[in-house]
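Inside the fold
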Amino acid sequence: MTTHIDSTFLLHGGDYNPEQWQKYPDILKRDYQLMTEAHINTVTVGMFSWSVLEPEEGVYNFDWLDDVFDHMAAISGKVILATPSGARPAWMAQKYPEVLRTNERGEKMLFGERHNHCFTSPIYREKVRNFNTLLAKRYGQKDNLLMWHVSNEYGGECHCELCQEAFRTWLKRKYGTLESLNDAWWTIFWSHRFTDWKQIHSPSPLGDNNLQGLNLDWRRFVSDQTIDFYENEIKPLRSITPKIPITTNLMADTTDLMPFHGLDYQKFAQHLDIVSWDCYPTWNNDTESVAHTGMKVAMIDDYFRSLKQQDFLIMESTPSQVNWHPVNHAKRPGIHRLSSLQHIAHGSDSNLYFQLRQSRGASEMFHGAVISQDGSNQTRVFKDVQQVGIDLSNLAMVKDMPHRKSKVAIIYDQDNMWALMDSQNYAQGTKQYWQTLQKHYQYFWQHNIPVDIISPQTDLSAYKLIIDPMHFLMSTAFMTKLDQYIKSGGVVVGTYISGIVNELGLAYLGGWPQMLQQLYGVQIEETDTLYPKQTNQIFFEGQSYLVKDYCTRINSTGAKVLATYKKDFYADTPAVTENHYGKGQTYYLACRTDLDFLMTFYDKLTSRFKLAETLPLQADSSDVSIQIRENKQTTYIFVLNFDESEHMLTLSLPLVNMLTNQKEQGEVRLESYGIRVYQINK
C-alpha cells in the first residue's frame, strides 16, 4: 500500500534544534522570521534531544517543544517529530550501563558520541518505548504533526553477552540444529565444528572473523535485530497515532553513493511507511565531472524510490558544505538548486536540510546550515535556499505524483554485497559491485531511460530488461525466477562472477549451476583476475574494446558468440554471448569492460527492444538529464543541465515552464546548471 504524507506542498525545511538556543530568545524569534523568508514549511525536531526533554529520570521538560508546534502552526508549517533514541542521556548510561554498546573486542564503550546503545538491552528498549508513549500522547493529536521520524541513521552493532545470546537464538531459529549450522558454515575446515551453541561468538579479531558463513549470518542478524529494535520503538506510535506515517532516515556513503553497508535496507524498507534518506554528495570535486556526480545521485535516488516503488523523502542534505568530508568544499553557484530539484525529478516529495540553524559549538558547529552563525539573510547560501523554496512552491502539484514507470531494472542484492566483499577471492580493490552497477546504469541515465534498482525479491514481470551484474551469491529460487521471466519473454544481461555460491555462502558443486548454463547457453571454465596494470581486449562488431580486472573463460553450448578475447591463453574464446531461451533472450558479459563498450552494447539493446522514451523535447548533450513524473492526467518533464556550459533544447511543441509560468517553444537556451520543468496535460 502506498502511503502519502498529509500536506499540500513539497516539504522544505529540515532539522531544527531550538533546545540549543533556550538562553537566546531573540535568536529563536528571528529564526521563525527567517524560515518564512526562506519558504521553510517543515521542521524536524526532537532528534538527539533526550537529555533536554528528560534531564533527570522521570523529570520532563516539554515546554520548548510545545513552542515549536505553536510557532510552526503560526506560519502554517508542519512538524516532523523525531524520537530521541539515537543518543541516550548521561544519567541513563551512568545508572544503567547495560544500555551502552560492547565493541568487537569485548570492550564496554564509555558514554559519548551517538548510536552508542545496545539494540538488545531490555532496559533501553523499555526506556525508549516508554518515552515514545509520552511523545505520542502529548503530540499525537496536534494538527500540524506531519509524521514520526524514528531515531536517526540506524547503524552499528553491539557484541555484549545479551547480543551473543540473541544471536544464538536467531541461529537456532534459522538452522534448528548445530549439525545444520556446521554444515552451512563448513566448520569442518580448520576444525571449527561447534558442539555447543554457547561456543558461537560474533565475528571478532580476538576470535574468528574469517568464517564467511558466520560473518554473513552476523550481518543478517544485526539487520534483523535493528529492525526488531525499530519495531519496539514504534509500537506506541502505531497504537496511539495510527494515521501518522513513520519513517527513519536511511544512508548512503558520500563518495560512491552506495547504500549503507551495515543494514539490509531492502528488508528494512518493508517496515517503513515512507522511505527517507540523507544525501551528502561531494559536488564539484576534483576527480569527476558534475555530470558524473549527478549520475551517481540519480542512481541512489532511484534505489531508494524502488525500495517501496513509491515517492520518497530527502530527510537531510546540506545547503552548501558539511564538516566531515575529507575536504569540506562549498557548493558552487547554481549547484544547490540543481541538486535539490534533481531529487524532486526522481521522485522525492521533499528537500530537507541538516540543519536550519548552525550550531555554536560541538562536533557539527561548522556544518552548513540555512541560517549561519551570523544570522544573516543576505548570504549566498540563504538566498540559494530561498530560491529552492520558491521553486518547490511552484512545483507543489507534483507531490505524490509517481516517477515514470521503468522498463529497465538493475538487480542489487545486499546479501550478495556482503558475501562478495567478504569472499577471499578475486581482488579486494577491484570487486566494486555497486560501482559496476553504476557503469551499467550510466548508459540509461545519459539516454533519459528510467531505471529501477530492485532486489531479487521484486516481481520482474513489469520490466522488459533485467540487468544482473556480479550476482556472486545467487539462490536457486532466484535462478528459477529468472528462468520463468525469460521463458515468458524477458531479457536478461548477466556477467562474470555470478552464481558462484548459494544463499548460505557455499560453493555450487559440479561447476556453474545447470540452470544458469541453460539460461545463458554457456559453460564457465574459470575467471582470471588481472593485476591493475594488466589488460585484455575484446573484438565486438568490428571494434576493439579494452578489458580489465576480470576475464571469465567460457564455452558456448548454444549461445551465439558476439565478441571474443584478443589475447592471453583464452584468445579467440567467447567474451560476450547471446542466447534465445523460451520467448526471451539472455546476454552474458564474461569480462569487465570500460564504458565505451557498454554504451555500444546497450545502444543495440535499446533499439532492439524499444527501451527509449518518447519525449517532446531533445537536448544536445548527454549531460542534460530529463526525468518525468506523471499520472493519468498530467506529465511533468524535468530538464537538468549538469554541465558548466550552456546547452540547447529543441521543443517539438510549445511547453509551459512551471518555474517561470512562461511558454517556451522551438530552440531554448539552457544555461549552465540550468533547469526547466515543463507541464503537459494529457
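Please refer to the structure placed before this passage.
Residues numbered from 1 in each chain as written. Predicted model: local features only at pLDDT ≥ 70, side-chain atom pairs only at ≥ 80, totals over all residues. Heavy atoms only, no water.

1. Brief notes about the overall build of the chain
Counting secondary structure elements, the chain contains 17 helices and 26 strands. Relative to the globule expectation of 26 Å for 682 residues, the C-alpha radius of gyration of the chain, 26 Å, shows essentially globular dimensions. Summarising its shape, the C-alpha atoms of the chain cover approximately 75 × 75 × 45 Å along the three principal directions. When the accessible area of the chain is evaluated, it comes to approximately 27200 Å², of which 50% is carbon and sulfur surface. For the chain, the distance from the average position of its 64 positive side-chain charges to the average position of its 78 negative side-chain charges is 3 Å. (Helix = DSSP H or I, 4+ residues; strand = E, 2+ residues; numbered from the N terminus. Rg over C-alpha atoms; globule rule 2.2 N^0.38 Å. Areas by Shrake-Rupley, 256 points an atom, 1.4 Å probe, with all protein chains shown as cover. Lys, Arg positive; Asp, Glu negative; His and termini not counted. Charge placed at Lys NZ, Arg CZ, Asp CG, Glu CD.)

2. What to know about the side chain of Gln442
Here Gln442 shows up in helix H14 (residues 433-446). You can call Gln442 buried: its relative accessible area is 9%. (Buried < 20%, exposed > 50% of the residue type's maximum accessible area, 1.4 Å probe, protein only.)

3. Some points on the sheet that holds strand S2 (residues 42-45)
With parallel pairing, six strands are arranged side by side in an open sheet as S5-S4-S3-S2-S1-S9. Bordering the open sheet on either side are strand S5 (246-247) and strand S9 (350-353), each of which pairs with just one other strand. Of the pairings in the sheet, the one linking strand S3 (residues 78-82) to strand S4 (residues 145-149) comprises four bridges and is parallel in character. Across the sheet, Ile80 pairs through a bridge with Met147, a residue of S4. (Pairing = 2+ DSSP bridges.)

4. Here's the deal with the sheet that holds strand S6 (residues 249-251)
Pairing within the open sheet is parallel, and its three strands lie in the order S6-S7-S8. If you trace the sheet from one side to the other, it starts and ends with S6 and strand S8 (313-316), each paired once. With strand direction ignored, the average angle separating the axes of adjacent strands in the sheet is 45°. The pairing of strand S7 (residues 276-278) with S8 spans three bridges and is classified as parallel. What sits directly across from Ser276, in S8, is Leu313. (Axes fitted to C-alpha atoms, helices over the stretch in contact; angles between N-to-C directions.)

5. With respect to helix H3 (residues 63-74)
Residue pairs spaced three or four apart in an α-helix point in one direction, given the helix's 3.6 residues per turn. If you check H3, its first and last C-alpha atoms are 17 Å apart, about what 12 residues at 1.5 Å a residue would give, namely 16 Å. Here H3 has its buried residues at Trp64, Leu65, Asp66, Val68, Phe69 and Met72. Ser76 lies just past H3 and shows a positive phi near 60°. (Expected span 1.5 Å × (residues − 1).)

6. Quick look at the pairing of S3
Burial within S3 is extensive, with five of its five residues counted as buried. Across the two faces of S3 the burial is the same, with Lys78, Ile80 and Ala82 and Val79 and Leu81 all buried. Note: S2 against S3, four bridges, orientation parallel. When the sheet's bridge partners are listed, Val45 is paired in S3 with Leu81.

7. Structural notes on the packing of aromatic side chains
In this structure the tally under the stated criterion is 51 aromatic pairs. Their ring planes at 35° and their centres at 6.1 Å tell us that Trp50 and Tyr124 sit as a pair that is tilted. With Trp50 in helix H2 (residues 50-53) and Tyr124 in helix H5 (residues 122-139), this pair connects stretches of sequence that are 74 residues apart. Accessibility assignment for this pair places Trp50 and Tyr124 in one class, buried. Taking the centre distance of 5.9 Å and the plane angle of 85° together, the rings of Tyr303 and Trp434 count as edge-to-face. Here Trp434 lies in helix H14 and Tyr303 lies in helix H10 (residues 290-308), a separation of 131 residues in the sequence. On the basis of relative accessibility, which here comes to 1%, the residue Tyr303 falls in the buried class. Through a chain of ring-to-ring contacts, three or more aromatic side chains come together here, namely Trp50, Tyr60, Phe62, Phe69, Phe119, Tyr124, Phe131, Tyr139, Tyr154, Phe229, Tyr230 and Phe268. Positioned above the aromatic ring of Phe119 is the side chain of Arg101, whose terminal nitrogen or guanidinium carbon lies 5.0 Å from the ring centre. Positioned above the aromatic ring of Trp21 is the side chain of Arg357, whose terminal nitrogen or guanidinium carbon lies 5.4 Å from the ring centre. (Phe/Tyr/Trp six-rings, centres within 6.5 Å; stacked < 30°, edge-to-face > 60°. Lys NZ or Arg CZ within 6 Å of the ring centre and 35° of its normal.)

8. As for the environment of Ala419
Take Ala419: it is sitting in helix H13 (residues 414-422). Residues Ala419 and Asn215, 204 residues apart in the sequence, show an inter-C-alpha distance of 8.5 Å. Leave out the neighbours within four places in its chain, and Ala419 touches Leu216, Phe472 and Leu473. (Contact = heavy atoms within 4.5 Å.)

9. As for the nonpolar core
Counting residues in each nonpolar core, the largest one holds 189 residues, and the members touching the most others are Trp185, Trp434, Phe444, Leu465, Ile538 and Tyr602. Once residues lying within four places of it in the same chain are set aside, the contact partners of Leu465 are Lys407, Val408, Ala409, Phe444, Tyr485, Val491, Val493, Tyr602, Leu605 and Leu611. The next biggest cluster of nonpolar side chains, apart from the first, holds 13 residues, and it includes Leu617, Ile628, Leu649 and Leu651. (Core = buried A, V, L, I, M, F, W, Y, C linked by side-chain atoms within 4.5 Å.)

10. Considering H14
Helix length check: H14 (14 residues) gives 21 Å between terminal C-alpha atoms against 20 Å at 1.5 Å per residue, within 8%. Where H14 bends most, the angle comes to about 30°, and this point is His440. Burial analysis of H14 places 12 of its 14 residues in the buried class, which makes it a mostly covered element. (Bend = angle between axes of the 7 residues up to and from the residue.)

11. Side note on the environment of Gln618
By secondary structure assignment, the location of Gln618 is in strand S21 (residues 617-619). Sequence spacing of Gln618 and Pro97 is 521 residues, and the spatial spacing of their C-alpha atoms is 62 Å. In this structure Gln618 touches Met648, Leu649 and Thr650, once residues within four positions along its chain are discounted.

12. A short note on the packing of helix H6 (residues 161-175) against helix H8 (residues 212-240)
Closest axis-to-axis distance for the H6/H8 pair is 10 Å, and the angle between their directions is 105°. In terms of axis orientation, H6 runs roughly perpendicular to H8. For the pair H6 and H8, contact is made by Cys163, Ala166, Phe167, Trp170, Leu171, Lys174 and Tyr175 and by Leu214, Asp217, Trp218, Arg220, Phe221, Asp224 and Gln225, respectively. Residues of the contact of H6 with H8, tallied by class, amount to nine nonpolar, one polar and four charged. (Parallel < 35°, antiparallel > 145°, perpendicular 65-115°, else oblique. Nonpolar A, V, L, I, M, F, W, Y, C, P; charged D, E, K, R; others polar.)

13. Observations regarding the packing of H6 against helix H7 (residues 178-185)
At their nearest, the axes of H6 and H7 sit 9 Å apart, and the two run at 90° to each other. Accordingly, the angle class assigned to the pair H6 and H7 is roughly perpendicular. Packed against H6, whose contacting residues are Phe167, Leu171 and Tyr175, the element H7 presents Ser180, Leu181, Ala184 and Trp185 at the interface. Taken together, the residues of the contact of H6 with H7 break down into six nonpolar, one polar and no charged.

14. Observations regarding the pattern of salt bridges
Across all of its chains, the model carries 34 salt bridges by this definition. Here Arg168 makes a salt bridge to Glu161, at a shortest N to O gap of 2.9 Å. The exposure class of Arg168 is buried, given its relative accessible area of 5%. It is possible to trace a salt-bridge network through shared partners that takes in Glu161, Glu165, Arg168 and Lys198. (Salt bridge = Lys/Arg side-chain N within 4 Å of Asp/Glu carboxyl O.)

15. Let's talk about the state of the cysteines
Within the structure shown, the criterion is met by zero disulfides. We note that Cys160 lacks a disulfide partner, and the nearest cysteine sulfur, in Cys158, lies 3.6 Å from it. Judged by its relative accessible area of 8%, Cys160 falls in the buried class. Cysteine Cys551 shares no disulfide, and the gap to the nearest cysteine sulfur, in Cys591, comes to 5.6 Å. (Disulfide = S-S within 2.5 Å.)

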